[in-house]
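# Understanding the architecture of this molecule
The residues making up each chain are set out below.
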Amino acid sequence: MRRNSYLCVFLLLALTGLASHASNRRDQKKDFPPLHKKWLEEEVVYIISPLEKQVFEKLQTDRERDLFIEAFWRQRDPTPGTPENEFKTEHFRRINYANYYLGRQSPLPGWRTDRGRIYIILGEPNDIQHFESGQETYPAEVWFYQNKAEAGLPPGFNIVFFKEHGTGDYKLYSPTRDGPQAFLASYLGGPEDVAAAYRKLRELEPNLALVSLSLIPGEDSAAFGRPSLSSDLLLQQVESLPEKTIRDQYAQKFLQYKDIVEVEYSANYLDSDSLVKILKASPAVTCVHYSIEPANLSVSQYGDKFSTTLTLNGSVKDEAGKVIYQFDKTFPISFGEEELKSISRRPYAIYDVFPLIPGSYDLSVLIKNEVSKEFSSLERKLIIPPEKASVWVTPLLLGYKAEKVEAGRNRLKPYQVGGVSIFVQANRTFTKSEGLVLAFQVWGLPPSLRDEAEIVFTFLKEAQLFKSFSRKAAGYPTFPDVIETVALSDFMAAHYQVQVSVRSGGQEIAAGQDEFDITPLEKMARPWVYAKIMPGVDDPVFAFLIGNQLFNAGRTEEARLRLEEALKKKPEEADYALALARADMTLQDYSRVETLLLPFFGQAKPPRYEMFVVLASAQYRKGEWDKALNVLERGISHYGLNTNLLNLRGECYLRLGNKTEALRAWEKSLELNPAQPDVQKAVNALKQKDGTAIRESS
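Residues numbered from 1 in each chain as written. Predicted model: local features only at pLDDT ≥ 70, side-chain atom pairs only at ≥ 80, totals over all residues. Heavy atoms only, no water.

### Examining the sheet that holds strand β10 (residues 348–355)
Our working rule: One requirement defines pairing of two strands: DSSP has to find at least two bridges between them. Working definition: helices are DSSP H or I runs of at least four residues, strands are E runs of at least two. Numbering for both runs from the N terminus. Convention adopted: a line fitted to C-alpha atoms gives each axis, helices being fitted over their contacting stretch, and angles between N-to-C directions are expressed from 0 to 180 degrees. Pairs of residues are marked as contacts when any of their non-hydrogen atoms sit within 4.5 Å.
Taken in spatial order, the four strands make up an open sheet running β5-β6-β10-β25, and their pairing is mixed. Each end of this open sheet is capped by a strand with a single partner; those strands are β5 (272–282) and β25 (528–531). Strand after strand, the sheet turns through a mean of 20° between neighbouring axes, direction not considered. Bridging between β10 and β25 involves four bridges; their strand directions are parallel. When the sheet's bridge partners are listed, I350 is paired in β25 with Y530. Packing of helix α14 (residues 540–552) onto the sheet brings it into contact with β6 (285–294) and β10, and relative to β10 it is tilted by some 75°.

### Remarks on the sheet that holds strand β4 (residues 170–172)
Spatially, four strands are ordered β1-β2-β3-β4 in an open sheet, and the strand pairing comes out antiparallel. Looking at strand neighbours, the two that pair on one side only are β1 (127–131) and β4, the edges of this open sheet. When the angles between neighbouring strand axes are averaged without regard to direction, this sheet yields 25°. For β1 and strand β2 (residues 140–146), the ladder comprises five bridges, and the chain directions are antiparallel. Within β2, the residue paired with H130 across the bridge is E141. Most of the contacts of helix α9 (residues 229–244) go to strand β3 (residues 156–163), to which it runs at about 90°, and overall it touches β3 and β4.

### Some points on the side chain of E594
Which entries qualify depends on this criterion: Polar contact is defined as a pair of N or O atoms within 3.5 Å, subject to the rule that within protein one atom must be able to donate a hydrogen and the other to accept it, and that residues adjacent in sequence are counted only when both atoms are side-chain atoms.
Tracing the backbone shows E594 in helix α17 (residues 590–597). Reaching out from E594, the side chain makes a polar contact with the side chain of K622 at a distance of 2.5 Å.

### A word on the pairing of strand β21 (residues 464–472)
Bridging between strand β20 (residues 454–461) and β21 involves eight bridges; their strand directions are antiparallel. Residue pairing across strands places F459 opposite K467, the latter belonging to β21. Hairpin connection of β20 to β21: two residues between the antiparallel strands, including E462 at a positive phi of 50°.

### What to know about the side chain of D318
Put simply, the test is: Residue exposure (1.4 Å probe, protein chains only): buried if accessible area is under 20% of the type maximum, exposed if over 50%, otherwise partly exposed. Positive charges come from Lys and Arg alone, negative charges from Asp and Glu alone, with His and the N- and C-terminal ends not counted. We define a salt bridge as a contact between a side-chain nitrogen of Lys or Arg and a carboxyl oxygen of Asp or Glu at a distance within 4 Å.
As for its position among the elements, D318 is in strand β8 (residues 305–318). Buried charged residue D318 carries no salt bridge. Nearest counter-charge: K322, at 5.0 Å. A distance of 2.8 Å separates the side chain of D318 from the backbone nitrogen of K322, its partner in a polar contact. Apart from the residues lying within four places of it in its own chain, the contact partners of D318 are I324, S360 and Y361.

As structure tokens, then:
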């Protein structure tokens, strides 16, 4: 009884809070323009989620708010490929109905009344019973709803309104808070005597009495003589229904990327699933494998061809926020009509892979569809273990298919383990007819332990032991790569956890785990995959990418070694030479910068713009100001005026004593970009009478 009493009080307090929930949200005033204020506090007040409201209130400009409103309705559009947004149309129809019909006898507009709020949330009732005022009862209405089970509500339920003390607006009725006595005009019993009030109401209005203790048909609360607690839980569900029927993650993405993605993309966030795994391509090279599965793919049609272009913008930042690696990749996609029909019935996935040096990072990938102007993203925390770590197991790959990589082709595919390509899906859901491909790597295991070490596979079904078996590590011919295919025919539809334990001498020395689901469906639509494939790990691009990452991390000596390795294998590659030259600049090896870059200045095709800047900077540091000026003049002739080239030009002229040309270069630079306080300071110094101030370059 104490528990029931406590729960009853808890629900009473919760319901009291719910009754004032909407009005509290309306009363929180923000200094918005009238249109945006009306949208937030009137038009969507009952259907906006707390996260959406929080994001909207953080937006700074009318343009941002307009774009967010567009995104808000787009996320609720049941048919996004059509001109009309049926949800939006129906929502405003409900508001208009509430204002016209439900506020006639109220000092409040209809949308602010209890009946208006419920009508806007749930729509038209399947049936309405009206109970007029009598000598012993107050007016009431009973709205009956059904076919709302997909929203998590009972198959059928009632919502009741009454006029408290027979006057004023209709109020939302709660069996726990109000009780059957709320309908009785001449009830003399105490508020705690619910059973007596129910019996009295049953004599006067039997149909109203039926819903006075429980809003859910078939629930026999009258037998217990007290209100139904589940009815108040139902009212809570109804009030929060709009917030639960929308995935509001898009709002956070809108706020996060509004200053990064172009305006035409910002309102079009596309939901997606993603998967990120860490695998080694060799003992010295660790790679990040990731996939993104957007909710849909929009294409344009030209004749009998359908196409789009997906662009990926990625960045990896360390714990201090420093960018260690960033990339831009393009995925041009095209189909014929028959191919599109086949693909349209399946999801699609983008697979990609890149090497990454040891450390702790934040990965962010932004994917944009250039046809539909939609964007999606993934964010993950990454930990890349040091190369000399103790025994460890890479994150488990759970695949639905495995294919051998074509022999003789030195390439690295996403989710490739040894010579096998694993096909994965972010939801990690499988059918009983499929085999579960379980793939991972065991690194750091001493050769002396390899023969006697074993790998134990344990499957838990909803936290209970379901299946377990073991294999000798030496039994895998490609060890440390481990690929085990597990038949799922004896797995029932449920949630599972798989644990992998590497054991030696009866002791666990490394472990890994993951989760998956078995569906009752006989078949699943597997995605078609568009993958970016890297060359083999011996290709110089790996040394180049790793060298750049080391340089960005401030590990310049290590970076130079890897960049030297890349350039030695491919000396004609300008990007490799430029990256190594930057490392040499940091290490003040200016002479070698010239040795690296000058060969690219004698070719028919002009060098990259950055080469002019780096070479001229090295010559400036060496005191060869005339040489540097010559390089800068050539750079300006090829690429036009630029603040970097002009500022360095001014430095060189100043060192040569030509203050007039130095001043001219810096003033032209300030015309291009006035927000250069150091340059402005140097110009002011030169204009002083003595004209002797020399601006030291950093």
